[in-house]
Amino acid sequence: MYVAVKGGEQAILNSWRLLAEQRRGDTRAPELTLAQIRGQLGLAVDRVMAEGSLYDPELAALAIKQAQGDVIEAVFLLRAYRTTLPRLGVSLPIDTGAMRLQRRISATYKDVPGGQVLGATYDYTQRLLDFQLAAGGTVASAAVAASALPAAPRITEIMGSEGLLAAETPAADDPAPRDLTREPLEFPANRALRLQNLARGDEGFLLALGYSTQRGYANTHPFAGEIRQGTVSVEVVPEELGFAIEIGEIAVTECQMVNQFAGSATQPPQFTRGYGLVFGACERKAMAMALVDRSLRAEELGEAVTAPAQMQEFVLYHSDNVEASGFVQHLKLPHYVDFQSELELVRKLRARYAAAQPKSTDTAEAA
Amino acid sequence: MSILAQADINVLETACSPLNVLTELTCAQWQWLRSPETGLIMVRGRAGGTGVQFNLGEVPVTRCALRLQRDSHLSANGGAVGSTIGVAYVQGRNVRHAELAARLDALLQEPASCERIHTHVIEPLAAAQAARRDAAARKAAATKVEFYTLAREAQTPGNTGEEP
Amino acid sequence: MDTATATPLAPGFEQRVFDSIKVFRALADAMAHPGEIRRVNARPPAPTQLMPAAAAMCLTLLDFETPLWLQTSHASVADYLRFHCGCPMTPEATQASFALITNTLTMPAVNTFNAGEPEYPDRSTTLMIQVESLSNASGVRLSGPGVRDAIYLDVAGVSATYWRELQASRAAFPCGVDIVFIWGERIAALPRTTRVSC
């Protein structure tokens with residue numbers, strides 16, 4: 001329970017001013033531009049877009065600037081902004097098979113059609129601080145191959161053709177998914193709703209949960225079947241046109257985790273999948289999402305639900321960092337009346353406790 | 001429409017700057033059917049790339065529609081004035097981008113201007129887009145791993161050739 | 001885009017944001033005062049089959065997520081609404097978020113439309129009914145929340161049977177349909193909380 005309190009208006013106004021000054025920092029250093037944030041803090045921009053669930057690099061850069069680099073605060077700003085815009089429609093499902101690849105690797109096969117393409121990755125860096133970056137200066141330009149990278153088939157399709165991997169097919173008549181930004185979450189949540197929730201979920205939360213599945217809290221034995229990153233076209237079918245048009249392109253990261261599955265009475269042993277798809281270059285998030293997607297499929301695959309990462313309500317209710325930070329941070333609101341009542345209660349209990357103590361203590365004290 | 005939607009706005013403005021295209025764009029009579037409006041499109045994906053549809057997240061999109069009215073239209077098909085409608089759906093929040101794309105969409109449907117717009121606007125934009133994608137794809141291609149198998153040392157006496 | 005249609009497409013609201021706010025306000029007001037005839041004060045250019053208030057309401061309320069059941073088969077009306085609202089047209093009355101009725105003599109019974117579910121009574125159909133005249137001087141007696149004592153509403157072309165069926169449907173509250181009668185620029189609303197006696 002909260003109390004309406006008056007006062008503090010001037011303090012709040014001055015707090016804003018202090019915030020603005022601190023955000024700007026030392027004015028002898030040049031102010032950050034959005035182009036600099038987009039260009040040089042690109043992975044932070046991608047994370048804010050993914051968890052903010054809005055693909056707009058410029059706005060994400062602004063949010064990061066405004067939040068002084070506090071990514072979760074920036075996600076909140078982006079989510080708040082999106083509520084001011086009308087929904088104009090939905091896209092056709094993006095075709096990640098036709099992705100214009102920037103990176104594509106598989107941990108299950110060495111030689112795959114299209115090859116292992118490293119792209120820009122931190123995987124092979126030594127994680128030593130580079131003091132040359134601190135000094136600034138020119139950087140080496142990227143190597144350019146003589147011919148472009150061709151589109152490559154998804155590795156899961158190669159495995160699928162042998163029947164070793166459970167096929168992913170749309171449900172009968174390919175229904176439109178429910179949208180948890182428009183309707184309340186209901187349990188049990190189907191896979192479409194779960195994937196939407198995970199795609200906008202907090203990276204740290206999903207990373208920890210994914211990690212827990214690997215350490216034994218859910219029996220998964222995953223392989224990174226394929227990770228691909230690049231750009232895909234976005235197509236919509238406006239009601240007034242009646243045909244599909246491309247409206248632009250977005251960068252995404254896709255991860256297909258392949259998991260052993262012992263089979264059941266109705267299904268032969270085969271590999272099953274966990275799927276991750278995220279805006280931007282967010283590989284760690286896509287991998288964690290794929291692990292958690294697979295663990296949440298426990299029930300449909302007839303596995304025992306024993307670990308947190310397999311529990312729908314636990315995962316889906318706690319994955320959203322805007323909701324989570326809102327509820328945690330609401331504890332800062334005045335709880336004066338609540339606390340008064342608890343104070344009274346604790347005093348009464350203490351009095352009762354004291355009264356119940358054996359008399360001997362009193363005598364001893366008196367003596 | 002796809003080329004126009006995916007063009008960089010600055011490149012698009014430049015492409016429209018040749019005099020005959022500009023004249024076309026400004027002299028024709030335009031009527032807004034839907035003035036530019038920015039909203040959101042929910043982008044969908046599929047589980048496993050091919051399975052059930054799910055909502056991935058939203059992209060901002062700006063759309064508009066206008067009608068091209070001019071006298072020449074009467075003689076062109078002898079029909080009613082104002083039956084050419086230009087429509088644009090463009091990713092992002094740039095109103096000018098959507099407006100230019102819609103105008104060009106209308107002009108592209110007109111026999112009188114179609115060819116000129118194609119030559120001066122669409123083709124250069126398509127070429128720029130292809131070049132941009134090609135450059136990115138060639139940089140990625142340079143990071144493709146070329147595996148090679150280490151040749152064993154030539155058999156020497158004492159080396160049984162057994163796997164360790 | 002092939003747009004060689006017989007009637008050229010009419011533009012929608014001149015100022016989409018302000019016009020739709022104004023219309024929404026008028027509509028909310030009408031819903032809060034059941035039966036009272038109000039003006040929407042908007043005349044968006046529209047096909048002649050659509051009355052000004054009907055066009056204004058459609059432009060304000062419909063979008064791609066609100067399937068519309070359309071009584072008229074006039075292509076110009078469907079084209080206009082599809083273009084400006086992006087709403088899907090459904091032939092299934094039970095699937096419709098909104099229904100636009102242009103002929104009261106041949107309109108379907110009230111219970112043809114979706115009355116919502118007890119958990120989600122908001123998922124019902126809202127009926128927009130174009131009529132030949134509206135008057136508060138006489139007609140059926142309306143009472144309920146938002147009405148002091150009673151108000152009378154005369155709607156040309158709506159039969160006594162229809163009113164009886166409407167009143168009978170009130171038993172399913174909180175499920176039920178909401179109705180807005182439209183006459184030119186005027187509207188009168190009958191939310192599902194309003195009781196009707198003939």
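Details of the structure are given in the entry above.
Residues numbered from 1 in each chain as written. Chains lettered and ligands numbered in written order. Predicted model: local features only at pLDDT ≥ 70, side-chain atom pairs only at ≥ 80, totals over all residues. Heavy atoms only, no water.

Engineer: Please set out helix H12 (residues 321-329) of chain A residue by residue, giving values where relevant.
Structural biologist: All names here are of chain A. Along H12, the positions that sit buried rather than exposed are Asn321, Val322 and Ser325. The buried residues of H12 occupy an angular sector of 100° when projected down its axis, which confines them to one face. Exposed and oriented more than 90 degrees from the buried face of H12 are Glu323 and Phe327. Looking at the buried residues of H12, the elements they touch are helix H3 (42-52) and helix H5 (71-82). Its side-chain oxygen at 3.0 Å from the backbone nitrogen of valine 322, aspartate 320 defines the N-terminal cap of H12. (Buried < 20%, exposed > 50% of the residue type's maximum accessible area, 1.4 Å probe, protein only. Helix = DSSP H or I, 4+ residues; strand = E, 2+ residues; numbered from the N terminus. Arc of directions from axis to C-beta. Contact = heavy atoms within 4.5 Å. Polar contact = N/O pair within 3.5 Å; in protein donor to acceptor, adjacent residues only side chain to side chain.)

Engineer: If you had to explain the pattern of salt bridges to someone new, which residues and values would you point to?
Structural biologist: Residue and element names in this part refer to chain A. Tallied over the entire structure, the rule returns 45 salt bridges over all chains. Aspartate 320 is the partner of arginine 79 in a salt bridge, and the nearest nitrogen-oxygen pair spans 3.1 Å. Separated by 241 residues along the polypeptide, arginine 79 in helix H5 and aspartate 320 in the loop between helix H11 (312-318) and H12 bring together distant segments of the chain. By relative accessible area, which is 10% here, arginine 79 ends up buried. Take aspartate 320: its relative accessible area is 7%, and that puts it in the buried class. The shortest N-O distance in the salt bridge between glutamate 249 and arginine 100 comes to 2.7 Å. Here glutamate 249, found in strand E4 (residues 245-261), pairs with arginine 100, found in strand E2 (residues 100-105); they are 149 residues apart in sequence, far enough to count as distant. We classify arginine 100 as partly exposed; its relative accessible area is 24%. (Salt bridge = Lys/Arg side-chain N within 4 Å of Asp/Glu carboxyl O.)

Engineer: Which residues make up the packing of H5 of chain A against H12 of chain A, and what values do they have?
Structural biologist: Pairs of packed helices are described in terms of their axes, by the angle between the two and the distance that separates them. Residue and element names in this part refer to chain A. As a packed pair, H5 and H12 sit with axes 9 Å apart at the nearest point and diverge in direction by 110°. Relative to H12, the element H5 lies roughly perpendicular. Residues Ile72, Val75, Phe76 and Arg79 of H5 touch H12, and the partners they reach there are Asn321, Val322 and Ser325. Within the contact of H5 with H12, the residues separate by chemical class into four nonpolar, two polar and one charged. (Axes fitted to C-alpha atoms, helices over the stretch in contact; angles between N-to-C directions. Parallel < 35°, antiparallel > 145°, perpendicular 65-115°, else oblique. Nonpolar A, V, L, I, M, F, W, Y, C, P; charged D, E, K, R; others polar.)

Limitation: the analysis is restricted to geometry and does not speak to function.
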